[in-house]
Amino acid sequence: MRGGTEDGGDPFPCASSPEGCADPAPPPRPDVPSPVSARDFCRNVGYLCADLTQHAEIQLRRWHPIGRAMVVHVPLPDIDDPTAARNLQRAAAQGIRAWNNQPFPLLADLRGDRNPDFGIRWTASMGGSQIGLARIRWSEMDGLGVDYLELGIVSADGQRAWADPNQIRLAAAHEMGHALGLGHSDSDRDVMYPTNTATSVSARDRRSMEVLYKTPDGTLIQR
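Computed from a predicted model, the values in this text were never measured in an experiment.

Basis of the calculations
Residues numbered from 1 in each chain as written. Predicted model: local features only at pLDDT ≥ 70, side-chain atom pairs only at ≥ 80, totals over all residues. Heavy atoms only, no water. Pairing = 2+ DSSP bridges. Helix = DSSP H or I, 4+ residues; strand = E, 2+ residues; numbered from the N terminus. Salt bridge = Lys/Arg side-chain N within 4 Å of Asp/Glu carboxyl O. pLDDT = per-residue confidence, 0-100. Contact = heavy atoms within 4.5 Å. Axes fitted to C-alpha atoms, helices over the stretch in contact; angles between N-to-C directions. Right-handed = clockwise from strand over helix to strand, strands pointing away. Core = buried A, V, L, I, M, F, W, Y, C linked by side-chain atoms within 4.5 Å. Buried < 20%, exposed > 50% of the residue type's maximum accessible area, 1.4 Å probe, protein only. Expected span 1.5 Å × (residues − 1). Phe/Tyr/Trp six-rings, centres within 6.5 Å; stacked < 30°, edge-to-face > 60°. Lys NZ or Arg CZ within 6 Å of the ring centre and 35° of its normal. Disulfide = S-S within 2.5 Å.

### Observations concerning the sheet that holds strand 8 (residues 220-222)
Either a parallel or an antiparallel arrangement is found when strands of a sheet pair, and the pairing is made through backbone hydrogen bonds.
Here is step 1: Spatially, the three strands line up as an open sheet ordered 1-8-2, and their pairing is mixed. What marks the edges here is a single partner per strand, and that holds for strand 1 (36-37) and strand 2 (57-59).

In structure tokens form, the structure reads like this:
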């Protein structure tokens, strides 16, 4: 408390110093983890430290425990080809489920009759070769949150009318990885590599997720 007493009387006296009276430094918050050295942390952690090649420090951000299954709404794309729409919806759901039980159960809600934590938005085209995007947010108090995942309906290569379901599956898995807190991998064999070069979630993807959720949320890794 600053500038008063708990009983409403005179202000607390401050300790004398050559600089005069100053508020004492606030005590450290017990729920904020202390920074850790990359030398101590970055062994056998998958690619959690990959961004340290470009940055002096990185912060690990993840969901706080939710104590239940996470629900992701996967609607049908609004297109005039029912078969293509169902194929894209199923592919997106498969990508979401690729992270099931890592770190908690995941439910892909195709019917829209559950209360979702977030959902997928389909868009006609995202421009260039991009086919996926995760809109995420984070705070020390609440941890990670997701506004939505965005997937492109139209083929990015221009060779077909609709996106390739296999590419949508991989894009959904990639964006779901971001939604759970992972950054990009530095290996093209991982689904979290910036482009769709993997075929599935890799052992290294799973190791990265495992370590992320064993590490206190908000941990700062310093090079």
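### Some words on the pattern of salt bridges
Here is step 1: By the definition in use, this model includes seven salt bridges.
Here is step 2: For the salt bridge of Arg207 with Glu210, the shortest nitrogen-to-oxygen distance reads 3.0 Å. Taken as a pair, Arg207 and Glu210 lie in helix 4 (residues 203-212) at a separation of three residues, close to a single helical turn.
Here is step 3: Between Lys214 and Glu210 there is a salt bridge; the shortest N-O distance is 3.1 Å.

### Some details on the confidence of the model for the protein chain
The predicted structure's coordinates, where accompanied by low pLDDT, should not be read in detail.
Here is step 1: Summarising the model, the protein chain shows a mean pLDDT of 87, and 84% of its residues fall at 70 or more.
Here is step 2: The low-confidence segment residues 1-26 (pLDDT under 50) makes 12 contacts with residues lying over four places distant or belonging to another chain.

### Notes on the sheet that holds strand 3 (residues 70-73)
Here is step 1: Reading across from one edge, 4-3-5-7-6 is the order of the five strands in this open sheet, with mixed pairing throughout. Unpaired on one side and paired on the other, strand 4 (106-109) and strand 6 (132-139) mark the two borders of the sheet. Adjacent strand axes in the sheet meet at a mean angle of 20° when their direction is disregarded.
Here is step 2: With four bridges joining them, strand 5 (residues 118-123) and strand 7 (residues 143-152) adopt parallel strand pairing. Looking at the pairing, Ile120 lines up with Leu149 of strand 7.

### Notes on the pairing of strand 3
Here is step 1: In this structure, strand 3 lies alongside strand 4, joined through four bridges in parallel fashion. Note on strand 4: the bridge partner recorded for Met70 is Leu106.
Here is step 2: For the crossover that starts at strand 3, traverses helix 2 (residues 82-97) and ends in the parallel strand 4, the hand is right-handed.
Here is step 3: Here strand 3 pairs with strand 5 via two bridges, running parallel. In the strand pairing of strand 5, Val72 is matched with Phe118.

### Side note on the nonpolar core
Here is step 1: In this structure, Trp63, Met70, Trp99, Phe118, Leu149, Met176 and Leu180 are the most contacted members of the largest nonpolar core, which totals 54 residues.
Here is step 2: Broken down by secondary-structure element, the contributors of at least two residues to this core are helix 1 (38-41), strand 3, helix 2, strand 4, strand 5, strand 7, helix 3 (165-180) and helix 4.
Here is step 3: It is helix 3 that contributes the most residues to this core, eight residues altogether.
Here is step 4: Excluding residues that lie within four positions of it along the chain, Leu149 makes contacts with Ile96, Phe118, Gly119, Ile120, Arg121, Leu133, Ala134, Glu175, Met176 and Ala179.

### A few points about helix 2
Here is step 1: The terminal C-alpha atoms of helix 2, which comprises 16 residues, lie 22 Å apart, in line with the 22 Å expected from a rise of 1.5 Å per residue.
Here is step 2: Looking at helix 2, one finds that the buried residues are Ala84, Ala85, Leu88, Gln89, Ala91, Ala92, Ala93, Gly95 and Ile96.
Here is step 3: Buried residues in helix 2 make contact with strand 3, strand 4, strand 5, strand 7 and helix 3.

### Concerning the packing of aromatic side chains
Here is step 1: Per the counting criterion, the structure on display carries two aromatic pairs.
Here is step 2: An angle of 80° between the planes, with centres 6.1 Å apart, marks the rings of Phe104 and Tyr213 as edge-to-face. Taken together, the residues Phe104 in the loop between helix 2 and strand 4 and Tyr213 in the loop between helix 4 and strand 8 connect sequence positions 109 residues apart.
Here is step 3: What makes Tyr213 buried here is its relative accessible area of 17%.
Here is step 4: A cation sits over an aromatic face here: Arg121 above Tyr148, 3.8 Å from the ring centre.

### A few points about the state of the cysteines
As used in these notes, a disulfide is a covalent bond between sulfur atoms, one from each of two cysteines.
Here is step 1: Evaluated as defined, the whole model comprises one disulfide.
Here is step 2: Covalent S-S linkage joins Cys42 and Cys49, the inter-sulfur distance amounting to 1.9 Å. Its S-S torsion of approximately -85° makes the covalent link between Cys42 and Cys49 left-handed.
Here is step 3: According to the relative accessible area criterion, Cys42 is partly exposed, its value standing at 25%.

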